[in-house]
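For reference, the chains in residue letters:
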Amino acid sequence: MIEDPVLVDDWHPVARSSDLGEASILPLRLLGEDLIAWRVHGVVKAWQDLCIHRGTKLSLGRLNGDLLECAYHGWTYNQAGECVKIPAHPEQKPPPKARVKAYHCAERYGLIWVCLGEPARDIPDFEEWGSSAFRKVPCGPYHYSASGPRAVENFLDVAHLPFVHEGILGERAHAEILDYEVQASEEGIIARDVRIWQPDPDGTGVGKDVNYTYRVLRPLTMYLSKETVEGTFSIFATVCPVSEFESTAWFWIAMDYGHDIPAEDIAARQDEITSQDIPVVESQRPERLPLDLQAELHLRSDRIAVAYRKWLCQLGLSFGTA
């Protein structure tokens, strides 16, 4: 396992809840570790994808009620991860150390979350989730051949909108980024009054400046919101560090207006925007996000990215950073 307590002791989304049925074993990967998830009596279990006997992947096995059987020699594990049957020696009681490595697992926001260590905090808060006024539309998963911090910093980057997302989130003729406020604490980062010009921010067909609020809730979880004449639009986004240079992102779009817009159209718009981001993020070098601020040039418009890098450095995050 990697030696990065910041990420090891945090929660990460690994799959949608709908990806896992009652009678299936779902192979997963988190922080370079092969995992499985399976559901027993409605509760999801997350284990290391490894039979303790000969190191075979348990994802090749099968479920037998509330037991999981390894495909190689039939070693059978109960829902607590204890081996309860060794078919080659049916009379022998399995030794206490014959057990699978189990991880903390929970379901929230329609996602399965896993912590490989001891959770330092709860799963990040998505404040609109419990509000009936907001419609929530899931988007993704989006796969990046890039580090998690690179994907997050792209989400926080304002100055790329008129170029990478021209005609949708900006126009190059209106590329100026005015100054904005950023505050950082141990709990995260918040950037307020981030003003950008957009061609049609509120569905009126009229281009105008809009104000964004960005928050970094965890090293790999972020949030933005903007007010329009129609209501509030927000995105809760979280990135799973599959491995150091492979990441998967899930987005939830929340709106307290536009309830007549088909969810498929909302998701398709986000698909288009993210598909424009992915090749840019994957092209960035170095592949690890530089935390040394002398390694790259920074401008006033990069203020939130600078705060993010400083914060990661203070936290001591090393996975996917340089």
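See the structure printed just above.
Quick caveat: nothing in here was measured; it's all calculated off a predicted structure.

Caption draft 1: Broad picture of the packing of aromatic side chains. Under the defined criterion, the tally for this structure stands at 13 aromatic pairs. Ring geometry for Trp47 and Tyr77: centres 6.4 Å apart, planes at 70 degrees, overall edge-to-face. Taken together, the residues span a long stretch of sequence, with Trp47 in strand E4 (residues 43-48) and Tyr77 in strand E7 (residues 76-77) at a distance of 30 residues. Taking the relative accessible area as the measure of exposure, Tyr77 reaches 0% and is therefore buried. On the basis of an interplanar angle of 85 degrees and a centroid distance of 6.3 Å, the ring pair of Phe155 and Tyr214 is categorised as edge-to-face. In this pair, Phe155 sits in helix H2 (residues 148-156) while Tyr214 sits in strand E14 (residues 208-218), placing the two residues 59 residues apart along the sequence. Exposure remark for Phe155: the relative accessible area of 11% places this residue in the buried category. We classify Tyr214 as buried; its relative accessible area is 2%. An aromatic cluster is built from Tyr109, Trp113, Phe126, Trp129, Phe236 and Trp252, whose rings are joined through pairwise contacts. Between Lys226 and the ring centre of Phe233, over which it is positioned, the NZ or CZ distance is 5.6 Å.

Quick notes on the rules
- Residues numbered from 1 in each chain as written.
- Predicted model: local features only at pLDDT ≥ 70, side-chain atom pairs only at ≥ 80, totals over all residues.
- Heavy atoms only, no water.
- Phe/Tyr/Trp six-rings, centres within 6.5 Å; stacked < 30°, edge-to-face > 60°.
- Helix = DSSP H or I, 4+ residues; strand = E, 2+ residues; numbered from the N terminus.
- Buried < 20%, exposed > 50% of the residue type's maximum accessible area, 1.4 Å probe, protein only.
- Lys NZ or Arg CZ within 6 Å of the ring centre and 35° of its normal.

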